[in-house]
Amino acid sequence: MDLFTAAVLVLDSTVRLTIPLLFAALAGLFSERAGVFDIGLEGKMLAGAFAAGSIAIVTGSPYLALVGAILVSVALSLVHGFASITAKGNQIVSGVAINFVAAGLTVLLGQNWFSQGGRTPQLPNTARFNPIELPGAAAVRDVPVVGYLYAELISGHSILVYLAFLAVPFSWWALYRTRFGLRLRAVGENPGAVDTAGISVEWLRYRAVIVAGIFCGLSGAYLAIAQSAGFIKDMTAGKGYIALAALIFAKWKPVPVMFACLLFGFLDAVAIRLQGTPVPLVGEVPVQIFQALPYILTCILLAGFIGTAIPPKAGGVPYTKER
Amino acid sequence: MPECAEPVSRPVPPPVNATAPSSPTHPAGAAPLAIELVGIDKSFGQVHANKDIHLAVKRGTIHGIIGENGAGKSTLMSILYGFYQADRGEIRVGGVPTVIRDSQAAIAAGIGMVHQHFMLVENFTVLENVMLGAEGGAFLKPGISRARAELKRLETEYALDVDPDAVIESLPVGRQQRVEILKALYRGADILILDEPTGVLTPAEADHLFRILRVLRDQGKTVILITHKLREIMAITDAVSVMRRGEMVATRTTAETTVEELAELMVGRRVLLKVDKGPAHPGPVALQVKNLTVRDHRGVTMVDDVSFDVRAGEIVGIAGVAGNGQSELLEALAGIRRPSSGDILIDGASTLGADPAMLRRRGLAHVPEDRHHMGLVLKFEEYENSILGYQDDPRFLNGPFMDIDAIRADAREKIAKYDIRPPNCRLKTANFSGGNQQKIVLAREIERDPTVLIIGQPTRGVDIGAIEFIHKRIVEMRDAGKAILLVSVELDEIRALADRVVVMFAGRVVGEKTPDASEQALGLMMAGIAA
């Protein structure tokens, strides 16, 4: 395999590995820009993935599975919303609780329903989101470089992949060009300004966490019924936290969020690609080094290479009218 | 700068708009009322914040509401703006009984509010802040051009000079406040409530605000000004209502009343407004600050090469608008923040490297600017706070343990001496009023008999009665030969107490004046314009 082909394959796998991060990071974007910290992205993804896997195997419909994943994830979002908006509780505690519940409950229900050690049964292709061949992909495949890139890299992904990348400009537009976005950004910075303008702070924040729930559901569904063929115990494997890191890295802005997720996805793809392959000059490197790379990079980057990332000012603080 | 030179004038209210709706609630021939409050009553649990309030504000006037902290002014205005619901009573807007359930209803009734702490989104532009809540549709684009045109019109009509594309955090405070006014006007407010609007302004900015308010009034708007500063009431209002302990005690035409009368109405007894002090008799230098430079946690230089000294038996006042390095200076002096260069000497000996406890042993006492964060633990009982920082004093110890009886006896002594009310050393500190909390801190620091006393904002959030007491104690300390450094953002307070005034701007000392220097001269220095 020549170097070009290898590079395209790594990029192709980068795209696939980026998607769950991207959905989750966009979820965090909406929630945190509205002032609700969401450490429970991981749990919502996991619950969504489990719901998607279960519904897909029972009904055979990936679309029903997707809707189910979104509903389950939104339900958990509302729990987080109730705890942190209405009950004015600690948002970190609530998020962590959701992660624990999701991690335990998915395995418990999975074992109880399907008796396969917490995983859902292998899905037939008809119950999954399959790769879509974009028009003309087969025809231009043999055109050097451009055609090959189009056929391999751009074409041949599931609908959710395209949806994820479309969600980026959509999020930007929603945040910066709509009334909802203006208010959402305002409520994360100074809820008092929103309240005195006669807008309900609570309802606005609820809508933001519901959007976060939808994105987490998409992320979980992608993992279980697009990237894989079924739910596997703990299949999110910390992606929710990496998404949070990407969010901070991108300073809570939609387009940088996409690039941050692509970077982390790329590191992941390289790690997989280089498993067992000797690196020039160094020799064979233990796979753990590569697996640790995204985390190490996050630490280094967050430790000061990206300048200070200033979170939304009212983030993490429940809003109470001052007496 | 011409805006400082404008003489204080109190013109007669202009003729009322012909379009004012006629109202059945006022007798024929009387001036129409913009706002009428009838029997407003509000309690928060045990606290009776507003007792049967009656208030009538005439259309096209500037109406002041004055009262001490906790008199119920803010509660009353919050009811008017829909933040709280009154337990009883009626609000009439333009003569029509109106139920104001939330801010949206207040805005709909033509009431706008400029809050004491600005309700602005700091990383938004002026335009975005003005539009927030009045976007005119689900998508921003069409609204933006309309808002831009409307802002332009409002800015010219009311002499509010603000760039619509400026980001709020890059604007000086005075301009941020104008954005708040613009917000209200953009929503079609006819009645504008301003809550303590001058607390954060330089004297020049305050003058500019007053000019804007006069323009607003002359254009037929009604302005309600909430303040505890008597001077502002006299300078700008047409009528004034006085609140005391939740009650509306009097309403006067400003032209027919005096500062003394208003002060007496506010406090309920005669008050000495002037600080009674003789000339200072300065002794040797007790506190010396040499080329002090202090950076904050971001590494920004907040105090820049500052030098001055304070002699025994004199009060040196540091004047300046909040945020010009005074806080960092105080923290460095108190040993809380390490200076990056320069030196601080007490009685000629350097204090570099000394922590706050060591400084206290060397005769320094510190009354911090923010008693809630640095001066007191609000959840502690009074007696615990009365020795905070001095808990290692052998007088309060019984072997390795605290001698609770001795501490309480000492606390009771201080309570009596400083007239702290209620006189109960077992009460939680949070339950004392601002003035009494400040007295707890002052008693603790002054009774140590320090040689150097540094005081930040001695009367912030303190009522007039307590201010009088605190000022008297500070002057007594001076006459007892202590070196006193006073930092206050209240220029009146500095001028009343200090024997010398040092003005800070942008972290530097821009000059020194005597306290009888004109307010304009000091104001220009505080704004960094003159030295």
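Nothing here was measured: the structure is a model prediction, and the numbers come from that model.

Q: Any chance you could explain the overall build of chain A here in plain terms?
A: Check the secondary structure of chain A and you find 13 helices and two strands. Compactness check: chain A gives a C-alpha radius of gyration of 20 Å against a globular reference of 20 Å for 323 residues, within 12% of the reference. Seen through its C-alpha atoms, chain A measures out along the principal axes to roughly 70 × 50 × 40 Å. Each of the 323 residues in chain A was classed as buried or not, and the buried ones make up 47%. Taking contacts inside chain A between residues at least 6 apart in sequence as the whole, the part at least 24 apart equals 77%.

Q: Any chance you could explain the overall build of chain B here in plain terms?
A: Broken down by element type, chain B carries 17 helices and 22 strands. Taking 531 residues into account, the globule formula puts the C-alpha radius of gyration at 24 Å, and chain B, at 25 Å, falls close to it. Taking the principal axes of the C-alpha coordinates as reference, chain B spans close to 75 × 45 × 45 Å. Counting every position in chain B, which comprises 531 residues, the buried fraction comes to 47%. Of the contacts made within chain B by residues no fewer than 6 positions apart, 68% connect residues no fewer than 24 positions apart.

Q: Looking at this structure, how should I read the sheet that holds strand β11 (residues 285–295) of chain B?
A: Hydrogen bonds along the backbone pair up the strands of a sheet, which may run parallel or antiparallel. Residue and element names in this part refer to chain B. Pairing is antiparallel across the open sheet formed by four strands, whose spatial order is β12-β11-β14-β15. At either margin of the open sheet sits one strand with a lone partner, and together these are β12 (301–311) and β15 (349–350). In this sheet, β15 lies alongside strand β14 (residues 341–346) in antiparallel orientation, the contact comprising two bridges. Of the residues in β15, the one forming a bridge with Leu 345 is Ser 350. Running over the sheet, helix α9 (residues 326–333) touches β11, β12 and β14 and is turned about 60 degrees from β12.

Q: Help me out: how do you make sense of the interface of chain A and chain B in this one?
A: Think of interface size as the accessible area that goes away when the parts come together; that is how it is often given. On the side of chain B, 22 residues touch chain A, which itself brings 17 residues to the contact. Put simply, the parts of the chain that give the side of chain A that touches chain B at least two residues each are α8 (179–189) and α9 (191–196) of chain A.

Q: Explain the domain arrangement of chain B to me, please; I cannot follow it from the model alone.
A: Domain assignment breaks chain B into domain 1 (61–71 + 106–267), domain 2 (272–363 + 450–531) and domain 3 (375–449). If you average the C-alpha positions of domain 1 of chain B and of domain 3 of chain B, the two centres end up 40 Å apart.

Q: Help me out: how do you make sense of the sheet that holds strand β10 (residues 247–253) of chain B in this one?
A: Residue and element names in this part refer to chain B. Ordered in space as β6-β7-β8-β3-β9-β10, the six strands form an open sheet in which the pairing is mixed. Two strands lie at the open edges of the sheet, namely β6 (111–114) and β10, each paired on one side alone. Neighbouring strand axes in the sheet, compared pairwise and without regard to direction, differ in orientation by 20 degrees on average. Sheet topology places strand β3 (residues 62–67) next to strand β9 (residues 239–244); five bridges connect them, and they run parallel. By the bridge assignment, Gly 67 is partnered in β9 with Met 243. Contacting β3, β9 and β10, helix α8 (residues 259–267) crosses the sheet at an angle of about 30 degrees to β9.

Q: Just checking my understanding: could you explain the packing of helix α1 (residues 3–33) of chain A against helix α11 (residues 239–249) of chain A for this structure?
A: Residues and elements named next belong to chain A. Where α1 meets α11, the closest approach of the two axes is 8 Å, and the angle between their N-to-C directions is 60 degrees. Taken together, the axes of α1 and α11 are oblique relative to one another. For the element pair α1 and α11, the recorded crossing hand is right-handed. Between α1, through Pro 20, Leu 21, Ala 24, Ala 25, Gly 28, Leu 29 and Glu 32, and α11, the contact on the second element is made entirely by Lys 239, Gly 240, Ile 242, Ala 243, Leu 244, Ala 246 and Leu 247. For the contact of α1 with α11, the residue count by class is 10 nonpolar, two polar and two charged.

Q: Is there a simple way to think about the confidence of the model for chain B in this case?
A: In low-pLDDT segments, the atomic positions of the prediction should not be examined closely. All names here are of chain B. Scored by pLDDT, chain B has a mean of 88; 94% of the residues are at 70 or more. For residues 1–29, every residue scores under 50 in pLDDT, and the model assigns this stretch 44 contacts once sequence neighbours within four places are set aside. Two numbers describe this predicted complex: its pTM, 0.78, and its ipTM, 0.87.

Q: Hey, could you run me through α8(B) in this one?
A: What sets the pattern is the α-helix's 3.6 residues per turn: residues three or four places apart point alike. Residue and element names in this part refer to chain B. Within the span of α8, buried status applies to Leu 262, Ala 263 and Met 266. An end-on view of α8 places all buried positions within 100 degrees of arc, on one side of the element. Its buried side turned inward, α8 meets β3, α7 (230–236), β9 and α15 (464–479). A positive phi of about 90 degrees marks Gly 268, the residue just after α8.

Q: So what exactly am I meant to see when it comes to the pairing of β6(B) here?
A: Remark: a regular strand shows side chains that alternate across the two faces of the sheet. Residue and element names in this part refer to chain B. Side chains Ile 111 and Met 113 of β6 all project onto a buried face; the interleaved residues Gly 112 and Val 114 project onto the opposite face, where all are buried too. Relative to strand β7 (residues 191–195), β6 runs parallel, the two being bridged by four bridges. Paired with Gly 112 across the strands is Leu 192, a residue of β7.

Q: When you look at the environment of Gln176(B) in this model, what are you seeing that I'm missing?
A: All names here are of chain B. As for its position among the elements, Gln 176 is in helix α5 (residues 173–186). Separated by 50 residues in sequence, Gln 176 and Val 126 have C-alpha atoms that sit 8.5 Å apart. Here Gln 176 is in contact with Phe 118, Leu 120, Ile 168 and Leu 171, once residues within four sequence places are set aside.

Rules of the game
- Residues numbered from 1 in each chain as written.
- Chains lettered and ligands numbered in written order.
- Predicted model: local features only at pLDDT ≥ 70, side-chain atom pairs only at ≥ 80, totals over all residues.
- Helix = DSSP H or I, 4+ residues; strand = E, 2+ residues; numbered from the N terminus.
- Rg over C-alpha atoms; globule rule 2.2 N^0.38 Å.
- Buried ≥ 20, exposed ≤ 12 C-beta atoms within 10 Å, placed from the backbone.
- Contact = placed C-beta atoms within 7 Å.
- Pairing = 2+ DSSP bridges.
- Axes fitted to C-alpha atoms, helices over the stretch in contact; angles between N-to-C directions.
- Domains from an automatic or database assignment.
- Parallel < 35°, antiparallel > 145°, perpendicular 65-115°, else oblique.
- Left-handed = near helix turned anticlockwise from the far one by under 90°.
- Nonpolar A, V, L, I, M, F, W, Y, C, P; charged D, E, K, R; others polar.
- pLDDT = per-residue confidence, 0-100.
- Arc of directions from axis to C-beta.

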